Amino acid sequence: MAPWALLSPGVLVRTGHTVLTWGITLVLFLHDTALRQWEEQGELLLPLTFLLLVLGSLLLYLAVSLMDPGYVNVQPQAQEEAKEEQTAMVPQAIPLRRCRHCLVLPLRARHCRECRRCVRRYDHHCPWMENCVGERNHPLFVAYLALQLAVLLWGLYLAWSGLHFFQPWGLWLRSSGLLCATFLLLSLFSLVAGLLLASHLYLVASNTTTWEFLSSHRIAYLRQRPGNPFDRGLTRNLAHFFCGWPSGSWETLWAEGEEDGEEGSSQAV
């Protein structure tokens with residue numbers, strides 16, 4: 001590996017996240033917080049649990065940021081030939097989509113300029129991950145947000161437990177200034193993580209993506225429909241997102257929705 005590859009944005013962002021995570025954890029241990037008091041009293045269960053949650057959130061972060069988000073395979077494969085038959089099931093009003101860079105662009109996919117690849121069920125490109133969030137890593141991304149929020153809120157409580165305001169201002173600033181800055185940083189991160197988790201849970205429940213939600217007026221297969229054609233109901237949306245059930249391509253789901261709509265209209269007539 002070339003030396004300059006160590007200075008790539010992905011390496012810098014992931015290294016910064018790792019250093020920041022363990023740096024904040026170290027601050028919570030070094031100051032007179034509940035975490036340190038538990039350790040001094042020999043109650044090691046809660047400190048170990050906190051460390052395991054921090055480690056788990058970091059491992060989830062690295063997994064989401066390093067894994068394939070669902071890149072569209074430009075080279076045709078033999079086992080994917082059946083998908084060409086599925087394209088015939090897509091309504092004729094929706095033209096087959098093509099990407100000028102990757103040539104093939106399945107339904108719900110989008111070309112990411114940062115990754116220079118097309119991503120299936122594209123949600124967004126996360127600069128903090130330095131990776132796209134798509135069909136393969138979106139469930140792990142939501143799990144990471146939930147675990148990270150739990151760690152941040154616990155860290156927020158620990159930082160607050162170590163802030164004692166009865167000391168003189170100068171002494172307090174020297175002894176608790178770094179802990180106060182950590183508390184403010186954790187407050188900001190908790191707010192961002194909470195908003196992200198709430199928004200993604202809403203999108204998952206309705207089986208839509210960030211890109212589709214914000215740009216539905218520009219997307220051909222959504223602009224021509226009054227509602228979300230991929231919404232299968234709360235239970236099926238959650239089952240499909242987190243468990244991969246029911247399996248099937250988005251083109252098939254679209255075709256099923258079209259057939260249901262045609263049956264309903266014929267009955268109405």
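Described in the following lines is the structure provided in the data block. (Residues numbered from 1 in each chain as written. Predicted model: local features only at pLDDT ≥ 70, side-chain atom pairs only at ≥ 80, totals over all residues. Heavy atoms only, no water.)

## Some thoughts on the overall build of the chain
What counts, and what does not: Numbering of helices and strands runs from the N terminus; a helix is a DSSP stretch of H or I covering at least four residues, while a strand is a stretch of E covering at least two. For every residue, the accessible area (1.4 Å probe, protein chains only) is compared with the maximum for its type, and the residue is labelled buried under 20%, exposed over 50%, or partly exposed between those bounds. Working definition of accessibility: Shrake-Rupley area with a 1.4 Å probe, residue cover restricted to the visible protein chains.
Scanning the chain for helices and strands turns up ten helices and four strands. The order of α-helices and β-strands along the chain, N terminus first, is α-α-α-α-β-β-β-β-α-α-α-α-α-α. Per-residue burial over the chain gives 40% buried out of 269 residues. Approximately 15,500 Å² of the chain is accessible, and the part contributed by carbon and sulfur atoms is 65%.

## Structural notes on the environment of leucine 201
Structurally, leucine 201 is set in helix α6 (residues 169-205). Owing to a relative accessible area of 40%, leucine 201 belongs among the partly exposed residues under this scheme. Remark: the alpha-carbon pair of leucine 201 and valine 142, spanning 59 residues in sequence, is separated by 7.7 Å.

## Remarks on the packing of helix α1 (residues 9-30) against helix α3 (residues 45-66)
This is how it is decided: Throughout, an axis means a line fitted to C-alpha atoms (over the contacting stretch in the case of helices), and angles, computed between N-to-C directions, take values from 0 to 180 degrees. Note on angle classes: values under 35 degrees are labelled roughly parallel, values over 145 roughly antiparallel, values of 65 to 115 roughly perpendicular, and the remainder oblique. The criterion used for residue contact is that any of the two residues' heavy atoms lie within 4.5 Å.
Packing of α1 against α3 leaves a shortest axis separation of 11 Å and a crossing angle of 170°. The angle between the axes of α1 and α3 places the two elements in the roughly antiparallel class. Between α1 and α3, the residues in contact are Val13, Arg14, His17, Thr18, Thr21, Trp22, Thr25, Leu28 and Phe29 and Pro47, Phe50, Leu51, Val54, Leu55, Leu58, Tyr61, Leu62, Ser65 and Leu66, respectively.

## Focus on the side chain of threonine 21
For the record, the criterion: Here a polar contact is taken to be a pair of N or O atoms separated by no more than 3.5 Å, where protein atoms must pair a possible hydrogen donor with a possible acceptor and residues adjacent in sequence count only if both atoms sit in side chains.
Topologically, threonine 21 is positioned in helix α1. Among the polar contacts made by the side chain of threonine 21, one reaches the main-chain carbonyl oxygen of histidine 17 at a distance of 2.8 Å. The residues touching threonine 21, leaving out its near neighbours within four places in the chain, are Val54 and Leu58.

## Remarks on the pattern of salt bridges
Side chains that differ in sign of charge can pair as their charged atoms come close. Formally: The working definition used for a salt bridge is a side-chain nitrogen of Lys or Arg within 4 Å of a carboxyl oxygen of Asp or Glu.
Scanning the model with the defined rule gives four salt bridges in all. For arginine 136, the salt bridge is made with aspartate 68, and the minimal N-O distance between the two is 3.5 Å. Of the two residues, arginine 136 is situated in the loop between β4 (131-133) and α5 (138-161) and aspartate 68 in the loop between α3 and α4 (82-87); the sequence distance between them amounts to 68 residues. Assessed through its relative accessible area of 49%, arginine 136 is described here as partly exposed.

## A few points about the nonpolar core
Stated precisely, the cut-off is as follows: The set of buried Ala, Val, Leu, Ile, Met, Phe, Trp, Tyr and Cys residues whose side-chain atoms join them within 4.5 Å is what this entry labels a nonpolar core.
Leu28, Leu35, Phe50, Met129, Phe141 and Leu158 are the most contacted members of the largest nonpolar core, which has 35 residues in total. Every element with two or more residues in this core is listed here: α1, α2 (34-40), α3, α5 and α6. Counting residues in each nonpolar core, the second largest holds eleven residues, with Val119, Tyr221, Leu222 and Phe230 among its members.

## Re the packing of aromatic side chains
The description of an aromatic ring pair uses the distance of the two centres, along with the angle that the planes make with each other. Where we set the bar: Stacked, tilted and edge-to-face are the three classes applied to pairs of Phe, Tyr and Trp rings, where Trp contributes its six-membered ring and a pair requires centres within 6.5 Å; stacked means planes under 30 degrees apart, edge-to-face means over 60, and tilted covers the rest. Should the NZ of a Lys or the CZ of an Arg lie within 6 Å of a ring centre and within 35 degrees of the ring normal, that charge is described as sitting over the ring.
All told, the structure shown has six aromatic pairs when counted by the stated rule. Ring geometry for tryptophan 160 against phenylalanine 183: centres 5.5 Å apart, planes inclined by 40°, an arrangement best described as tilted. Of this pair, tryptophan 160 sits in helix α5 while phenylalanine 183 sits in helix α6, and the two are 23 residues apart along the sequence. Taking NZ or CZ as reference, arginine 108 lies 4.0 Å from the ring centre of phenylalanine 230, over its face. For the cation-ring pair, arginine 117 lies above tyrosine 71, with the distance from its terminal atom to the ring centre recorded as 4.3 Å.

## Brief notes about unusual backbone geometry
For arginine 108, which is not a glycine, the phi torsion comes out positive at approximately 75°. Relative to the helices and strands, arginine 108 resides in the loop between α4 and β1 (110-112).

## Looking at a nonpolar patch on the surface
The condition that has to hold: Patch construction takes residues with relative accessible area above 30% that form no salt bridge. Like charges are linked within 9 Å, and nonpolar side chains (Val, Leu, Ile, Met, Phe, Trp, Tyr) are linked within 5 Å.
Taken together, the side chains of Trp22, Leu52, Leu55 and Leu59 define a hydrophobic patch exposed on the protein surface, amounting to about 390 Å² of accessible area. Among the elements that line the nonpolar patch, the one with the most residues is α3, at three residues. Residue position: leucine 55 is located in helix α3. By relative accessible area, leucine 55 is classed as partly exposed at 36%.

## Digging into the packing of α3 against α5
Note the threshold: The sense of a crossing depends on the near helix, which, turned anticlockwise from the far helix by less than a right angle, makes the crossing left-handed and, turned clockwise, makes it right-handed. By the convention adopted, Pro, Cys, Tyr, Trp, Phe, Met, Ile, Leu, Val and Ala count as nonpolar, Lys, Arg, Asp and Glu as charged, and the other residues, Gly among them, as polar.
Packing of α3 against α5 brings their axes to within 9 Å, and their N-to-C directions diverge by 145°. Crossing hand, α3 versus α5: left-handed. Side by side, α3 and α5 meet where Leu46, Thr49, Phe50, Leu53, Val54, Gly56, Ser57, Leu60, Tyr61 and Val64 of the first sit next to Leu140, Phe141, Ala143, Tyr144, Leu147, Gln148, Val151, Trp154, Gly155 and Leu158 of the second. Taken together, the residues of the contact of α3 with α5 break down into 15 nonpolar, five polar and no charged.

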